[in-house]
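Okay, here's what each chain looks like letter by letter:
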Amino acid sequence: MALRTRITELLGIEHPIVQGGMMWVGRAELAAAVSNAGGLGILTALTQPTPDDLRHEIDRCRSLTDKPFGVNLTILPSVTPPPYAEYRRAIIDSGVTIVETAGHRPQEHVEEFKAHGIKVIHKCTAVRHALSAERMGVDAISIDGFECAGHPGEDDIPGLVLIPAAADKVKVPMLASGGFGDGRGLVAALALGADGINMGTRFCATVEAPIHDAIKQLIVANDERATNLIFRRFHNTGRVARTSVSDEVVAISARPDAVFEDIRPLVSGAKGRVALETGDLDAGLIWAGQVQGLIHDVPTCRALIDRIVGDARRIIAGRLAGMEEQAA
């Protein structure tokens, strides 16, 4: 039984499973492995230090897979923003056909991508933002529940409510994101009205993820309680793995007179990259979601995707079909 959905049709992929764009993690070896396994792999544009480096990474990904893959471009407010227009041009010039956008005011980028025939998936954390992106003309929505790693927004709505609430109003195909890591989650996402799932943390704990094995083993060892919410008082909430660094960030932020400058040395992206690449858990933040409680091994991307799809099919054909027969 094939799990064909609007997402598989839109993206030209075999299985309704997408790898989210992750800073320092979304590189060619991971994206290609996901795509070769029948999902959609995604490169993270800003992981590459320059637009030219992104061009080279896109070429490298093409050398590793002949399947569809995408590129993530996340737009964040910043005093000194990256040259987003130049990264966008690199994506367009390289012939990429699928882009995942996220972040602050993406309209300029969505319009330009769409003008060049690129399919756009916009990642957001609220129904109102999903509807705004739909009006901009995006082809699909990825809706992030409160369980997710990264920035879950400020509404604190978990996926069990957020996904069907979005499905009730969003007309374009939709991915469910945040807390997904196995076949049960895929079936649940489809039942809630999504057309597939987007996974980040689960793909970090795979053989091909270009991060240190100590980080992968941390994710496997952690349970669903082992995250911290940071930046809450600064209205930019982020969910990260619970480590000595994130514990310190939470403690400092709880001080009545705390300002962002007090935690800035601990939360820099450069230090997070060091942690991922060296396995030094005390070096910087490690972004991970509550789905850690469902991750118990470090398989290849193909083994993981085959397992998720196989388990989903068995649940649909077995347990759910059996319930339907009993009801009849």
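You'll find the structure just up there.
Residues numbered from 1 in each chain as written. Predicted model: local features only at pLDDT ≥ 70, side-chain atom pairs only at ≥ 80, totals over all residues. Heavy atoms only, no water.

## Comments concerning the overall build of the protein
Then step 1. For the protein, the helix and strand inventory stands at 14 helices and 10 strands.
Then step 2. Taking the principal axes of the C-alpha coordinates as reference, the protein spans close to 60 × 45 × 35 Å.
Then step 3. When burial is assessed residue by residue, the protein has 53% of its 328 residues classed as buried.
Then step 4. Relative to all contacts within the protein whose residues are 6 or more apart in sequence, the contacts with residues 24 or more apart total 62%.
Then step 5. Carbon and sulfur atoms make up 53% of the accessible area of the protein, which amounts to about 14100 Å² in all.
Then step 6. Computing the positive centroid from 34 side-chain charges and the negative centroid from 41, the protein places the two 2 Å apart. (Helix = DSSP H or I, 4+ residues; strand = E, 2+ residues; numbered from the N terminus. Buried < 20%, exposed > 50% of the residue type's maximum accessible area, 1.4 Å probe, protein only. Contact = heavy atoms within 4.5 Å. Areas by Shrake-Rupley, 256 points an atom, 1.4 Å probe, with all protein chains shown as cover. Lys, Arg positive; Asp, Glu negative; His and termini not counted. Charge placed at Lys NZ, Arg CZ, Asp CG, Glu CD.)

## Description of the pattern of salt bridges
Then step 1. As enumerated under the stated definition, the model contains 20 salt bridges in all.
Then step 2. Through salt bridges that share partners, Asp52, Arg55, Arg89, Asp93 and Glu112 make up one connected network. (Salt bridge = Lys/Arg side-chain N within 4 Å of Asp/Glu carboxyl O.)

## Quick look at the environment of Ile308
Then step 1. Here Ile308 lies in helix H14 (residues 301-327).
Then step 2. Each C-alpha atom, one on Ile308 and one on Gly183, is 4.1 Å from the other, the two residues being 125 residues apart in sequence.

## With respect to the packing of helix H3 (residues 51-64) against helix H4 (residues 84-93)
Then step 1. Here H3 crosses H4 at 25 degrees, and the two axes come no closer than 9 Å. The orientation of H3 with respect to H4, classified from their angle, is roughly parallel. In this structure, the crossing between H3 and H4 has a hand that is right-handed. For the pair H3 and H4, contact is made by Pro51, Leu54, Arg55 and Ile58 and by Glu86, Tyr87, Arg89, Ala90, Ile91 and Asp93, respectively.
Then step 2. Grouping the amino acids of the contact of H3 with H4 by side-chain chemistry returns six nonpolar, no polar and four charged. (Axes fitted to C-alpha atoms, helices over the stretch in contact; angles between N-to-C directions. Parallel < 35°, antiparallel > 145°, perpendicular 65-115°, else oblique. Left-handed = near helix turned anticlockwise from the far one by under 90°. Nonpolar A, V, L, I, M, F, W, Y, C, P; charged D, E, K, R; others polar.)

## Things to note about the packing of aromatic side chains
Then step 1. On inspection of all chains with the given rule, the structure shows two aromatic pairs.
Then step 2. Measuring from ring centre to ring centre gives 5.8 Å for Phe231 and Phe260, while their planes differ by 55 degrees; the resulting arrangement is tilted. Separated by 29 residues along the polypeptide, Phe231 in the loop between strand E9 (227-230) and strand E10 (238-241) and Phe260 in helix H12 (residues 260-267) bring together distant segments of the chain.
Then step 3. A relative accessible area of 8% means that Phe231 is categorised as buried.
Then step 4. A relative accessible area of 29% means that Phe260 is categorised as partly exposed.
Then step 5. One aromatic cluster is present, built from ring pairs that chain together Phe231, Phe234 and Phe260.
Then step 6. In this structure, Arg239 packs its charged tip against the face of Phe146, placed 4.8 Å from the ring centre. (Phe/Tyr/Trp six-rings, centres within 6.5 Å; stacked < 30°, edge-to-face > 60°. Lys NZ or Arg CZ within 6 Å of the ring centre and 35° of its normal.)

## Considering the layout of surface pockets
Then step 1. Each pocket or cavity is described by its volume, and for the second largest pocket that value is around 280 Å³.
Then step 2. Forming the walls of the second largest pocket are 16 residues, and the residues nearest its centre are Glu147, Gly178, Gly179, Phe180 and Leu294.
Then step 3. When residues of the lining of the second largest pocket are traced back to their parent elements, those giving at least two are helix H7 (159-167) and helix H8 (183-191).
Then step 4. For the lining of the second largest pocket, a count of residues per class yields seven nonpolar, five polar and four charged. (1 Å grid on protein atoms, 1.4 Å probe; cavity = no way out; pocket = protein on both sides within 12 Å on 5 of 7 lines; lining within 4 Å. Points joined across faces, edges and corners; volume = space filled by probe spheres on them.)

## Quick notes on the sheet that holds strand E7 (residues 174-177)
Then step 1. Overall, parallel pairing links the eight strands, which are arranged E1-E8-E7-E6-E5-E4-E3-E2 in an open sheet. The strands lining the two open edges of the sheet, one partner per strand, are strand E1 (17-19) and strand E2 (41-44). Pairs of neighbouring strands in the sheet enclose a mean axial angle of 25 degrees, with direction left out of account. (Pairing = 2+ DSSP bridges.)

## Looking at helix H10 (residues 213-221)
Then step 1. Residues of H10 that are buried include every one of Ile215, Lys216, Leu218, Ile219 and Val220, and no others.
Then step 2. Where H10 is buried, its residues meet helix H9 (201-204), E10 and helix H13 (269-278).

## Some points on the pairing of strand E8 (residues 196-199)
Then step 1. Burial along E8 is two-sided: the residues Gly196 and Asn198 and Ile197 and Met199 are all buried.
Then step 2. Pairing analysis gives three bridges linking E1 to E8, with the strands arranged parallel. By the bridge assignment, Gln19 is partnered in E8 with Met199.
Then step 3. Bridging between E7 and E8 involves three bridges; their strand directions are parallel. Looking across to E8, one finds that Ser177 is bridged to Asn198.
Then step 4. For the crossover that starts at E7, traverses H8 and ends in the parallel E8, the hand is right-handed. (Right-handed = clockwise from strand over helix to strand, strands pointing away.)

## Describing the nonpolar core
Then step 1. Ile141, Ile143 and Phe203 are the most contacted members of the largest nonpolar core, which totals 77 residues.
Then step 2. In this view, Ile141 contacts Ile121, His122, Cys124, Ala130, Ala133, Glu134, Val170, Val172, Pro173, Met174 and Leu175; residues no more than four positions away in its chain are not counted. (Core = buried A, V, L, I, M, F, W, Y, C linked by side-chain atoms within 4.5 Å.)

## Quick notes on the environment of Ala2
Then step 1. Structurally, Ala2 can be placed in the segment before helix H1 (6-11).
Then step 2. Sequence-wise, Ala2 and Val309 are 307 residues apart; in three dimensions their C-alpha atoms are separated by 8.9 Å.

## Let's talk about the pairing of strand E5 (residues 119-124)
Then step 1. Taken across its six residues, E5 has five buried, putting it largely inside the fold.
Then step 2. Relative to E5, strand E4 (residues 98-103) runs parallel, the two sharing five bridges. The residue of E5 that forms the bridge with Glu100 is Ile121.
Then step 3. Relative to strand E6 (residues 140-144), E5 runs parallel, the two sharing four bridges. Along E6, the bridge assignment pairs His122 with Ile141.

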